[in-house]
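Observations on the model geometry
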Amino acid sequence: MSGEASGQRCVLCDESISAHNDSREHVIPEAIGGRVAVRGFICRTCNNGAGHTWDAKLASQLHPLSLMFGVQRQRGSTPGLAITTTAGEDLVITADGPLTLAKPSFSEETGPEGIKIQIVARSMEEATRILAGVKRKYPKLDVDRILADAQMSTSYPKGLVHHRLDFGGEISGRSIVKSVLAMAHHAGIPTDICHDALDYLRNSSATPCFGYYHATDLVFDRPPEVPLNCVSVEANPDTGLILGYAEYFGVQRVVVCLGRRYAGGPVRACYAVDPRTGTRLDLSIRLGFGEAEIKAIYDYKMIPDGAIQEAFAKVMPAAIKKRFEAERDRVMKEATEYAFANCGAKPGEMLTEEHVKKLSRLVAEKLTPFILHNVARRPRSLSVAGPTESVEETGRENEEQPAKKTQT
Ligand SMILES: [Zn+2]
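In short, a report on the structure. (Residues numbered from 1 in each chain as written. Predicted model: local features only at pLDDT ≥ 70, side-chain atom pairs only at ≥ 80, totals over all residues. Heavy atoms only, no water.)

The next subject is the overall build of the protein. Scanning the protein for helices and strands turns up nine helices and 18 strands. Taken against the 2.2 N^0.38 rule, which gives 22 Å for 408 residues, the C-alpha radius of gyration of the protein at 27 Å runs more than 25% over that of a compact globule. Referenced to the eigenvectors of the C-alpha coordinate spread, the extents of the protein come out at roughly 85 × 45 × 40 Å. Counting every position in the protein, which comprises 408 residues, the buried fraction comes to 50%. Element-wise, carbon and sulfur atoms account for 53% of the exposed surface of the protein, whose accessible area totals about 19,900 Å². Where the 50 positive side-chain charges of the protein centre and where its 51 negative ones centre are 4 Å apart. (Helix = DSSP H or I, 4+ residues; strand = E, 2+ residues; numbered from the N terminus. Rg over C-alpha atoms; globule rule 2.2 N^0.38 Å. Buried < 20%, exposed > 50% of the residue type's maximum accessible area, 1.4 Å probe, protein only. Areas by Shrake-Rupley, 256 points an atom, 1.4 Å probe, with all protein chains shown as cover. Lys, Arg positive; Asp, Glu negative; His and termini not counted. Charge placed at Lys NZ, Arg CZ, Asp CG, Glu CD.)

Moving on, we come to the coordination of the zinc ion. At this site the zinc ion is bound by Cys10 (SG), Cys13 (SG), Cys43 (SG) and Cys46 (SG), with donor distances of 2.3 Å. Look at where the donors of the zinc ion fall in the sequence and you get C-x2-C-x29-C-x2-C. A residue pair is termed long-range when its members are at least 10 positions apart, and cysteine 13 in the segment before strand E1 (25-26) and cysteine 43 in the loop between strand E2 (37-38) and helix H1 (44-61) qualify at 30 residues. For cysteine 43, a relative accessible area of 5% gives the class buried. (Donors = N, O, S within 2.8 Å, 3.2 Å for Na, K, Ca; no water.)

A few words on the sheet that holds strand E10 (residues 210-212). Pairing in this open sheet of six strands is antiparallel, and the strands run E10-E13-E12-E11-E14-E15 from one edge to the other. The open sheet has two edge strands with one neighbour each: E10 and strand E15 (279-281). Strand after strand, the sheet turns through a mean of 20° between neighbouring axes, direction not considered. Relative to strand E14 (residues 267-274), strand E11 (residues 229-235) runs antiparallel, the two being bridged by seven bridges. (Pairing = 2+ DSSP bridges. Axes fitted to C-alpha atoms, helices over the stretch in contact; angles between N-to-C directions.)

This brings us to the pattern of salt bridges. In the structure shown here, the tally under the stated rule is 25 salt bridges. A salt bridge links glutamate 327 to arginine 330; the shortest N-O distance between them is 3.1 Å. One end of the pair, glutamate 327, and the other, arginine 330, are both in helix H8 (residues 307-342), three residues apart, so they sit about a helical turn from each other. Through salt bridges that share partners, Asp217, Arg222, Glu247 and Arg253 make up one connected network. (Salt bridge = Lys/Arg side-chain N within 4 Å of Asp/Glu carboxyl O.)

Attention shifts here to H8. With 36 residues, H8 extends 53 Å from end C-alpha to end C-alpha; this agrees with the ideal 52 Å at 1.5 Å per step. Along H8, the largest kink reaches about 35° and is centred on valine 315; proline proline 317 follows within four residues of it. Positive backbone phi, at 100°, marks glycine 344, one or two positions downstream of H8. (Expected span 1.5 Å × (residues − 1). Bend = angle between axes of the 7 residues up to and from the residue.)

Of the two faces of strand E3 (residues 81-84), the one lined by Leu81 and Ile83 is fully buried and the one lined by Ala82 and Thr84 carries no buried residue. With antiparallel pairing between neighbouring strands as the criterion, E3 and strand E4 (residues 90-93) make up a hairpin whose turn holds five residues, including glycine 88 at a positive phi of roughly 85°.

Bringing the packing of helix H5 (residues 170-186) against helix H6 (residues 195-202) into the picture now. Think of two packed helices as two axes; the pair is described by the angle between the axes and how far apart they sit. One can describe the packing of H5 onto H6 by two numbers: an axis separation of 10 Å at closest approach and a directional angle of 140°. The orientation of H5 with respect to H6, classified from their angle, is oblique. Crossing handedness for the pair H5 and H6: left-handed. Contacts between H5 and H6 involve Glu170, Gly173, Arg174, Val177, Lys178 and Leu181 on the former and, on the latter, Ala197, Leu198, Tyr200 and Leu201. Considering only residue class, the contact of H5 with H6 consists of six nonpolar, one polar and three charged. (Parallel < 35°, antiparallel > 145°, perpendicular 65-115°, else oblique. Left-handed = near helix turned anticlockwise from the far one by under 90°. Contact = heavy atoms within 4.5 Å. Nonpolar A, V, L, I, M, F, W, Y, C, P; charged D, E, K, R; others polar.)

Turning our attention to the side chain of arginine 174. When you line up the elements, arginine 174 lands in helix H5. A polar atom in the side chain of arginine 174 sits 3.0 Å from the backbone oxygen of tyrosine 200. Among the polar contacts made by the side chain of arginine 174, one reaches the main-chain carbonyl oxygen of serine 204 at a distance of 3.5 Å. Not counting residues up to four positions away in its chain, the partners in contact with arginine 174 are Trp54, Tyr200, Leu201, Asn203, Ser204 and Ala206. (Polar contact = N/O pair within 3.5 Å; in protein donor to acceptor, adjacent residues only side chain to side chain.)

This next bit is on the packing of H1 against H5. At a closest axis distance of 8 Å, the pairing of H1 and H5 adopts a crossing angle of 105°. Comparing their axes, H5 and H1 come out roughly perpendicular. Counted together, Ala50, Thr53, Trp54, Asp55, Lys57, Leu58 and Gln61 of H1 and Ile171, Ser172, Arg174, Ser175, Ile176 and Lys178 of H5 form the full contact between these two elements. By residue class, the composition of the contact of H1 with H5 is five nonpolar, four polar and four charged.

Take valine 134: it is sitting in helix H3 (residues 124-137). For valine 134, a relative accessible area of 6% translates into the label buried. Valine 134 sits 169 residues away from isoleucine 303 along the chain, and the two C-alpha atoms are 58 Å apart.

From the geometry alone we can't say anything about function, so treat these as descriptive.
This is the structure we're talking about:
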């Protein structure tokens with residue numbers, strides 16, 4: 001996708017755009033799965049500035065959802081998110097699902113039998129690194145033997161994870177308005193007549209030109225259970241309004257008014273993407289609002305009670321089920337591998353009755369924490385309450401406990 005670079009001015013600083021300062025601006029930020037970019041829209045300096053401020057704020061507000069749904073980014077992956085459970089455990093939610101410890105732990109105690117050192121590391125590599133440090137202090141330490149005896153163990157956090165989804169505000173709001181304006185630029189609507197948007201983006205004290213909208217579903221052909229991201233514009237010569245709509249992960253829904261003096265031919269354009277795969281979606285969005293409705297949207301009058309929760313309920317169960325199944329499969333695989341490795345049978349050997357008994361005992365032993373965790377607390381629960389939605393998550397915690405040794 002490309003915009004016309006000639007004669008175009010940066011929508012943010014009004015600098016004229018040339019081949020030297022032109023930039024590729026993602027219509028939907030890359031961090032939340034956007035792929036399509038426009039040119040001839042903002043200058044490189046403004047692109048960097050807006051990326052580090054407005055877009056970064058939006059991405060951070062949507063961070064828990066990016067991890068929950070597993071955003072496929074064009075470049076890189078979603079960074080981990082540090083959380084503290086209700087039981088005070090410091091953990092990190094990672095992009096590929098499991099929870100890990102936020103940091104390794106190390107303790108050293110002097111008792112009558114010598115010095116007891118306990119290390120909990122997140123991987124064998126980390127354990128090896130920590131032990132190398134310990135060996136500098138205690139040269140007699142047999143690092144190889146300790147590592148050979150070290151066991152990988154998995155446990156579930158005791159507490160729940162509450163994500164606060166603080167969506168909104170003026171900083172991320174500017175990212176949203178910029179996205180809709182980029183879509184207008186892509187659709188061939190002249191950005192210099194989008195006065196409401198230009199005013200808002202260029203002046204820190206300007207009135208916001210967006211509002212949240214949950215009164216109806218504006219996506220006519222919404223695919224079920226898809227946490228879609230979309231940006232659309234509609235320019236209507238009858239009302240003069242240039243309107244836009246942005247939706248994030250199927251749940252955060254925003255109507256934008258870019259300008260009010262449109263006199264060209266009718267335009268309607270939409271870019272939508274399934275952030276889990278990067279697949280483009282073909283959607284039709286109708287924004288037949290007039291001035292009075294725009295005012296009501298800006299005044300928070302189009303958010304009926306329970307509407308946001310309802311939007312969450314449409315996309316969350318599928319995501320929760322997918323993560324539950326991935327965890328179940330992982331646990332099964334790990335339990336089976338562990339049982340075969342420890343049942344006493346050599347590879348290729350016929351299993352005796354004794355081996356089979358031991359196998360089933362070992363599989364059951366390894367599956368027990370998963371079963372207890374999920375029976376006791378049903379996969380994951382979601383509680384959404386008005387503007388401060390919270391998603392409870394009780395994922396898995398990966399840890400390794402390699403060293404519990406006495407050194408004299
Ligand atoms: Zn600029």
